[in-house]
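Coordinate inspection notes
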Amino acid sequence: MELVIILIVISALVFDFINGFHDTANAIATSVSTRALSPRRAIILAAVMNFVGALTFTGVAQTITSGIANPFELENGLTVILGALFAAIAWNLITWYFGIPSSSSHAIIGAITGAVIVAAGLQAVHFGGFLSILEGLLLSPIIAFVVGYLIYAIIKVLFKNANLAKTNKQFRSVQILTAAVQSYAHGTNDAQKSMGIITMALIVGGLHDTTDVPFWVQLSCATAMALGTSVGGWRIIKTVGGKIMKIRPVNGVAADLTGAAVIFGATLIHLPVSTTHVISSAILGVGSSHRVKGVNWGIAKRMVITWVITLPISAMLGGLFCLILNLFLT
């Protein structure tokens, strides 16, 4: 059992590391594409702010720990958790390879749900908790789109008579701050998913008796995500930062503010959200407010399809890995 728990901790940190270079690209993509920050400085900034954000809150981690299934009663719990991690890692790597900004949050939540159903049946799933998590995942992109649209509409009114060149220069400076805020918000939400998984494994293994996140878990996950961020996700940066729409500094500031506000709001109410969905939807909202025809709706459609299929595919992968692990661990 101890060996399986160690394997789960390592796998969760690997997932967090992959999450760092997979999802953090979203937080800095706009600042890189507008040249507010060089790629190297943007990545360093994101890594530091992700680390700080990950050490600040644990509410989302507690939701992950007990929101989908009761770790104190979960049958074959260690197999479930390990299978879910393998499934989420596999899907993240596939989508990263093809440069598709899919959701690590959808992947891990879908994988846990699928693994729980295979291992312990539908009755083991907390559908109340699962549905509240699902609502957050589904509503947050819509909210981000609307807020992004409104924020950019307000900025257009406030700066309608401003000199374009001078305004862009000012917003490029502001964008350094908004990129930092968005990276911090990202850390407060995304890193907590691995914290919740490790805490869940410790409970199932009898090594922990509450849903409170041990500090060593928090520190380990914060470090893994920061290291992953330092690697950088160039494939996804190119998609989010340039292929959705041509981003100017003013667009970037509006998108960054939107993303940070929605993600941080979710963190405060302990809901895991997809930073990928939120940030990409914020850019789409800003782009639509700026000029609808300026948005590459083909890329947007491809992203939406990936978002839709991630939950069911990761659930099936989670169930499959759980079955395979059961053959070897039982």
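Positions within a chain are numbered from 1, following the residues in the order the chain's sequence is written. Predicted model: local features are reported for residues with pLDDT of at least 70 only, side-chain atom pairs are reported and counted for 80 or more only, and whole-chain, interface and lining totals are derived from all residues. By convention in this description, side-chain values take in all heavy atoms of the structure and omit both hydrogens and water.

1. What about the overall build of the protein?
Note the following rule: Working definition: helices are DSSP H or I runs of at least four residues, strands are E runs of at least two. Numbering for both runs from the N terminus. As defined in this context, the radius of gyration uses C-alpha atoms, and a globule is described by 2.2 Å times the residue total to the power 0.38. Note on definitions: a residue-residue contact is assigned when non-hydrogen atoms from the two residues lie within 4.5 Å. We get accessible surface area from the Shrake-Rupley algorithm with a probe of 1.4 Å; when it comes to residues, only the shown protein chains can shield them. Two residue types count as positive, namely Lys and Arg, and two as negative, namely Asp and Glu; His and chain ends fall outside the count. In this description, the location of a charge corresponds to atom NZ of lysine, CZ of arginine, CG of aspartate or CD of glutamate.
Summing up its helical and strand segments, the protein has twelve helices and zero strands in all. Seen in sequence order, the protein has helices and strands lined up from the N terminus as α-α-α-α-α-α-α-α-α-α-α-α. Scaling as 2.2 N^0.38, a compact globule of 330 residues should have a C-alpha radius of gyration of about 20 Å, and the protein matches this with 19 Å. Dimensions of the protein along its principal axes, counting C-alpha atoms only, are 70 × 35 × 30 Å. At a minimum sequence separation of 6, the contacts of the protein that also span at least 24 residues come to 87%. For the protein, the exposed surface amounts to about 13300 Å²; the carbon and sulfur share of it is 70%. The distance from the centre of the 18 positive side-chain charges to the centre of the 10 negative ones in the protein is 34 Å.

2. Digging into the confidence of the model for the protein
Note the threshold: Confidence of the prediction at every residue is given by pLDDT, a number between 0 and 100.
This prediction gives the protein a mean pLDDT of 86; 93% of its residues lie at or above 70. When mean pLDDT is compared element by element in the protein, helix α10 (residues 249-268) scores highest at 92, while helix α9 (residues 234-243) scores lowest at 54.

3. Focus on the nonpolar core
Condition: Buried Ala, Val, Leu, Ile, Met, Phe, Trp, Tyr and Cys residues form a nonpolar core when they are joined through side-chain atoms within 4.5 Å. A 1.4 Å probe rolled over the protein chains alone gives each residue an accessible area, and that area as a share of the maximum for its type sets the label: buried under 20%, exposed over 50%, partly exposed in between.
With 54 residues, the main nonpolar core has Ile 8, Leu 85, Ile 108, Ile 109, Val 116 and Met 195 as its most contacted residues. Taken together, the elements giving at least two residues each to this core come down to α1 (2-33), α3 (59-67), α4 (77-97), α5 (104-120), α6 (127-158), α7 (164-204), α8 (215-231) and α12 (297-329). Counting residues per element, this core draws most heavily on α4, which supplies ten residues. In terms of nonpolar packing, the next biggest core, distinct from the first, is built from 21 residues, Ala 27, Phe 171, Ile 247 and Val 286 among them.

4. Here we look at a nonpolar patch on the surface
Rules: Within this analysis, patches are made of residues with over 30% relative accessible area and no salt bridge. Like charges are joined at 9 Å or less; nonpolar side chains (Val, Leu, Ile, Met, Phe, Trp, Tyr) at 5 Å or less. The term salt bridge refers to a side-chain nitrogen of Lys or Arg lying within 4 Å of a carboxyl oxygen of Asp or Glu.
On the surface, a nonpolar cluster with roughly 550 Å² of combined accessible area is contributed by Leu 139, Ile 142, Ile 143, Val 146, Tyr 149 and Leu 150. Position of Ile 143 among the secondary structure elements: in helix α6. Look at Ile 143 and you get partly exposed, because its relative accessible area is 45%.

5. A closer look at a positive patch on the surface
A cluster of basic residues, Lys 246, Arg 248, Arg 291 and Lys 293, forms a positive patch on the protein surface. Summarising the element assignment, Arg 248 is placed in the loop between α9 and α10.

6. With respect to the packing of aromatic side chains
One pair of aromatic rings is described through two measures. These are the centre distance and the angle between the planes. Stated formally: Pairs were defined over the aromatic rings of Phe, Tyr and Trp, the Trp ring being its six-membered one, requiring ring centres within 6.5 Å. Orientation was assigned from the angle between planes: stacked under 30 degrees, edge-to-face over 60, tilted for the rest.
Taken as a whole and judged by the stated rule, the model has four aromatic pairs. Their ring planes at 75° and their centres at 6.0 Å tell us that Phe 86 and Phe 321 sit as a pair that is edge-to-face. Here Phe 86 is found in helix α4, whereas its partner Phe 321 is found in helix α12, with 235 residues between them in sequence. With relative accessibility at 24%, the residue Phe 321 sits in the partly exposed group. Taking the centre distance of 5.2 Å and the plane angle of 70° together, the rings of Phe 159 and Phe 171 count as edge-to-face. Remark: Phe 171 occurs in helix α7 and Phe 159 occurs in the loop between α6 and α7; sequence separation between them is twelve residues. The class for Phe 159 is partly exposed, based on a relative accessible area of 35%. A residue is classified by how much of its surface remains accessible, and Phe 171, at 8% relative accessible area, is buried.

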